[in-house]
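Residue-level structural notes
What follows is the residue order along each chain.
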Amino acid sequence: MIYKKDANFPYPVLTNTSTSYEEPSFLLDVSLEENTNDYRFLINYEVSSPFIKKLIATGDAQAILIIQSKDNKFYKLDPNQTAIEVPKKRVSLNKRTSIQLHIQSNREIHFGENQDLTSFYDAFKSEIIVPNNALLGYSNIVVFEGSIQNPLVLFEKKLDEQLTSDIRIELGVETIIIHYRKEDYQFTGVRSSQAFNNPYIYAGLRTALQRFIHEYSEQGEEYVDLTQITQPENLLDFKLYQLMTKKMVQEVSVDNIDEVISLISDKIIEKYAGAVKELIHNGD
Amino acid sequence: MTAVTTETSPWKFSPIPNIEESNFNKILERFYGLGVQGLTKENIQNSLDGRLPNSTAPVIVKIETGTINRQDIPGIDHVIDRIKCLEGRNSYTKETIGHMLKSVNQDEVRYISFEDINTKGLTGAKNGQSHSKKDTWGIYAYNKGVHFEESDSKIETSRGGSHGVGKIASNAASDLHLMYFANCDEHGDQHLGGTVQLIEHLYEDQCYRSTGYFADLKEENKTSKFYPYENDFHSVFKKRTRGLKIIIPYLRSDFDSEEEIIKTVCDSFFISILDGRLEVQINDHVITAGTIVSYLTNNQYYNQEISEMKKVFTPLYVKTYKNENPREITVSNGERDYQFKLYFKYDEAIVKGRVAIVRTIGMKIEDFAVKSNATKPFNAVLIGGLEEDGYLKSLENESHTKISAEDIKDPLLKRQATRFINNLSKEIAKIIDEEMKRNNPTDGVMDTKDLLYIIETEFKQDLSNAYGAVKINQGKQVVKTTDVTTQKKTKKKGGKKGSVEPKSTGIKRTRRNNPTGTADELQESGTEIYSVSPNLVERLILNNHEFIQFNFMGIPEMKKKNSCHLSFNLIDGMGEEYKDEFKLKENYAHAFDQNSGSSCVIDDERIKNVSIRDGIVKLKLDLKPNYNRALKFVYYVEV
Amino acid sequence: MEIRLLKKGYKNNEQFYQDFLEDKVNSNEEYFTNDIITIPDAPDFPIYMGRGSEEEKKQAFQQAFEVIASSYIQTDRDLHLEEIFWHSLLVTKKRDYILENYPVVKTDMKQFENIVIKKFDWENYIYKCVLAAEYIEDLIEDPEEKKHYYQLVLENLDIYNYIIKYGIFRNAEFLVKILTIIDELKISNIMKEKIKDRPDLGKDERYGRRVIFELNKKYPVVMSPLLDVESLKQEVLQALSLYYDELNLKSRVPV
């Protein structure tokens, strides 16, 4: 459980309002990434006390992230860990979700070497022994505010009666362009007409990702490790790169293209199926 | 042939030599099938037709449903008498008669009335059955299948009233096929008439025609003429202002729906109402140009989801009519051109596209489906002029529910009608196509915002601090402590131990067992209790001792105090305070006042008489072996 | 399966209750928002264990655990831990099942509110089962062991309820560790018992609840959910000894 109440602890505890530490500060900042299945919490924290920082670095103390929404989840963090992933089937983000970082001792800690306390403790600190598994500090609380969807403009359409095929997918400079030979193929005027074009969107994404793999994979390889490549210069590729990394996709390959599409988009095929069903239903 | 009867019954039936027709009038059944919707449309249409020609005031129709005593229905016993004599010859007629007989014993009778105001009413009632074209009372009351024609042909053309069968619509709504009409003419003369549609029957050894008239019969020059009764009847049957009032007692239960009436009024007459030419009251409801929207947006009457509007389109029509600019379209029937105004709205959310065909008199004739475009996403309203009205009227079927060429007998007129309807579809289809192209450019950005997006999530710092930071100020929460980040900058440099940024005083007057509330009264002992901000406290456990130090320097409430009592509230893992969970005597062997050098008494869950020197309290406590070193506290001082 | 979500206003609504009985809810657009949830599978399971013999309740719980574990907890928590999801599912898809298995719902609205649209917190049987299923399925691999732990939950319902009632220890690791400890120390019966010699604690205190409360008091100085089993066991014993006769206790600690 996250802990909020200011109270008097039996020994000095590092918090943002502590009067026992000379420079009391324990700041936590969290940001979020997500895809269809998981949340990734990116954690950034700053502890003002070198004594405590050292304990964390040596493993004598442990940073623990607490996510509290419908119940509590505790995550022990490695000293350099900056992210944790939690599946959406185990965490629900809503306005009552709070996050806090605690530091816990992994062994008995002697405060004799703690130079960061106020002078009041000079006389006593050599006698202060904090037992194992005890709290050393807690951070501010970060509260989930809400999220907004920022749409990406990735697709354009054109009517081209001169086409030699019914549909042509073109990878443009900034967008994927679907060329239609007949206006009818766009399903204009039909309710939910957008959804009927989803199969073309899917095909367009596939084509674009295939080129992406071809373009950015190592010689002879058939996959791209998104954490290794530099940001693409090509505008369309950059949009794809941005979309994939934001959705926590690490690797895109010939084998997992459909999976990647599923992670970076919101139920393309399901919405198409829903629109067809509705049309059938309305036709009755 | 009218032989004088010796009966003084207010209900008159024409005697006939023998019974030929043993069935009820077929039109009754048809109107019964049209329900209260048909009844309402019929009567309101008639009222609109009766508008005062030179007046700009709206026609007001008051529809009332209610209950009256059987005794107050004029001449009812005579009608019931007749009904008891009816003999059906086939199952349908027998069933109908059986149904009537079931109703005759009711003492309390449901009725509906339609009263119009700002209308002409009927003329020449005093003249009774005068056979003069000018006396509209006579034509209305005593002739079947004939309607009077307006002398002003313009008005006649625009008249929506139906093909002489209006009254029967009202009979059909009554279990006993009974209806009354009360008139008040321009001179203020008030008369009451009525008709009842039975079957030919034998009564007191004489056969009679099916229709009964509520009228007086007078002999004049060897012939008999009907005369109406002066209206001295119950108020339900009274008509005191100029106009006509239809009263239908024994209202059929499936017609008795206020909700259906309201919907029909809105669905069929929204144009008249919006244009201020008609106002309708239904019991307590008043539908005017100003109030109609509140009915249209009420879930009780109309489904608000556009995607669900598949049979009723009125809310869409009203929006379209109010918001769109009309276009002019021309529709030809092969012989001449008709000009219409079309209000058109394209909206992809609409599931079924319909055009409301409306007459200038304001009644909607049909939710017209344009050929091959029935599921296109649009909504429209079509209104013509006087000529167009007249032509549309000639195309209407008898129940005013659609235009069609089917019922037209003359082959030429029939051909023209067919052509007209086809051309109408064509013209509107052109506009639908145009709008579709305009709203769906073939070229441009594709809308994928529901498929491809990046989520930006925001987290905020929770600034609220449990102690002393939140003050309830007229119901609003005010965060008193400063932002976490600025506190980082204003470091405390060495200096006073336990001193706090002077934003809050650090102590809060309260009660121990109600720490979040404020104490408005003093304790019984005349002392005050304050909770102490943890910032003012240093607490430390070393070996078997606990040291507690309070720093009250600069706290005004503690200025002149030199002694206090201390009590401890336990704080659990969720931040909850407990007054009684921590027993002082069970945990502390001894309390030692480091300022004074003497012991303090522990009593009554308090450490008593702890000295305060220069604002500082210094306490040393000896711990008992079972002391729990993991606990947290908030302290209270009593001075 | 597609489930339409109910609009607010269905609680404490006599008309809604009537419409449920008469199967008129699904056809009434007014009760629903535009949102539809799709889940692969939504099999029936017991939703209310407030009545019946001990054996019946046990069977019902076990069946509920099994079905919820296999079909429901793989969906997003935004679904399976949300009141509106369960209420919508029960009302729109489980009417027949409910009327057949809980006919008392037909008698009055209070029963309906208590069984079908019960508040989704620790007192709600579905909530109890969902959390137990999540926790046990996530932390325990072996199927036999899983069964054992479900059994432990049933044998220690009082303390289980207490743990999920208060936010502080509503946590998978803590629950599993506590059950393990109770099992190893064989103190299940003690934990359930009422505390007899402490009138100051009120009328219905149990040893198990007080143990948890003692752990609560120490939090976060001692972060119980993060202790290993042995350390937590010591804490539990220590807490219990504050209330329970020490002599007997010592004999329970396995050597």
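Scroll up a little and you will see the structure.
Residues numbered from 1 in each chain as written. Chains lettered and ligands numbered in written order. Predicted model: local features only at pLDDT ≥ 70, side-chain atom pairs only at ≥ 80, totals over all residues. Heavy atoms only, no water.

**Notes on the overall build of chain C**
Looking only at helices and strands, one finds 14 helices and 2 strands in chain C. Burial status across chain C gives 55% buried among its 255 residues. Within chain C, counting contacts between residues at least 6 apart in sequence, those at least 24 apart form 71% of the total. Accessible surface, chain C: about 11800 Å² in total, of which carbon and sulfur atoms supply 47%. (Helix = DSSP H or I, 4+ residues; strand = E, 2+ residues; numbered from the N terminus. Buried < 20%, exposed > 50% of the residue type's maximum accessible area, 1.4 Å probe, protein only. Contact = heavy atoms within 4.5 Å. Areas by Shrake-Rupley, 256 points an atom, 1.4 Å probe, with all protein chains shown as cover.)

**Regarding the pattern of salt bridges**
Under the counting rule described, the total for this entry stands at 65 salt bridges over all chains. Where Asp 266 of chain A meets Lys 271 of chain A, a salt bridge forms, and the shortest distance between an N and an O atom there is 3.6 Å. Note on Asp 266 of chain A: relative accessible area 19%, which makes it buried. Under the relative-accessibility criterion, Lys 271 of chain A is labelled partly exposed at 27%. For Asp 450 of chain B, the salt bridge identified is with Lys 271 of chain A, shortest N-O distance 3.8 Å. (Salt bridge = Lys/Arg side-chain N within 4 Å of Asp/Glu carboxyl O.)

**What about a negative patch on the surface?**
Taken together, Glu 218, Glu 221, Glu 222 and Asp 255 of chain A make up a surface patch of like negative charges. Checked against the element boundaries, Glu 221 of chain A lands in the loop between helix H3 (198–216) and strand E14 (223–225). (Patch = residues over 30% accessible without salt bridge, like charges linked within 9 Å, V, L, I, M, F, W, Y side chains within 5 Å. Lys, Arg positive; Asp, Glu negative; His and termini not counted. Charge placed at Lys NZ, Arg CZ, Asp CG, Glu CD.)

**Regarding the packing of aromatic side chains**
The full count for this structure, using the stated rule, is 62 aromatic pairs over all chains. Between Tyr 338 of chain B and Tyr 391 of chain B the ring centres are 4.6 Å apart and the planes differ by 15 degrees, which places this aromatic pair in the stacked class. One end of the pair, Tyr 338 of chain B, is in strand E15 (residues 337–346); the other, Tyr 391 of chain B, is in helix H10 (residues 386–395), with 53 residues separating them in the sequence. Just as Tyr 338 of chain B is buried, Tyr 391 of chain B falls in that class too. Taken together, a centroid distance of 5.0 Å and an interplanar angle of 90 degrees make the contact between Tyr 207 of chain C and Tyr 244 of chain C edge-to-face. Of the two residues, Tyr 207 of chain C is situated in helix H12 (residues 207–218) and Tyr 244 of chain C in the loop between helix H13 (229–241) and helix H14 (246–250); the sequence distance between them amounts to 37 residues. As far as burial versus exposure is concerned, Tyr 207 of chain C and Tyr 244 of chain C are alike and both buried. (Phe/Tyr/Trp six-rings, centres within 6.5 Å; stacked < 30°, edge-to-face > 60°.)

**Describing the pairing of strand E33 (residues 616–623) of chain B**
Residues and elements named next belong to chain B. One ladder, built from 7 bridges, connects strand E26 (residues 545–551) with E33; its direction is antiparallel. Across the sheet, Phe 550 pairs through a bridge with Val 617, a residue of E33. Relative to E33, strand E29 (residues 588–593) is paired through 5 bridges, and the arrangement is antiparallel. When the sheet's bridge partners are listed, Tyr 588 is paired in E33 with Leu 623. (Pairing = 2+ DSSP bridges.)

**Focus on the sheet that holds strand E13 (residues 176–180) of chain A**
The strand order across the open sheet formed by 4 strands is E12(A)-E13(A)-E11(A)-E19(B), and the pairing between neighbours is mixed. A single partner strand is all that each edge strand has here, and the edge strands are strand E12 (167–171) of chain A together with strand E19 (444–445) of chain B. Here strand E11 (residues 155–159) of chain A runs beside E13 of chain A; their pairing, made up of 5 bridges, is parallel. When the bridges of E13 of chain A are listed, Phe 155 of chain A appears paired with Ile 176 of chain A. The strands touched by H3 of chain A within the sheet are E11, E12 and E13 of chain A, with E12 of chain A carrying the most contacts at an inclination of about 40 degrees. (Axes fitted to C-alpha atoms, helices over the stretch in contact; angles between N-to-C directions.)

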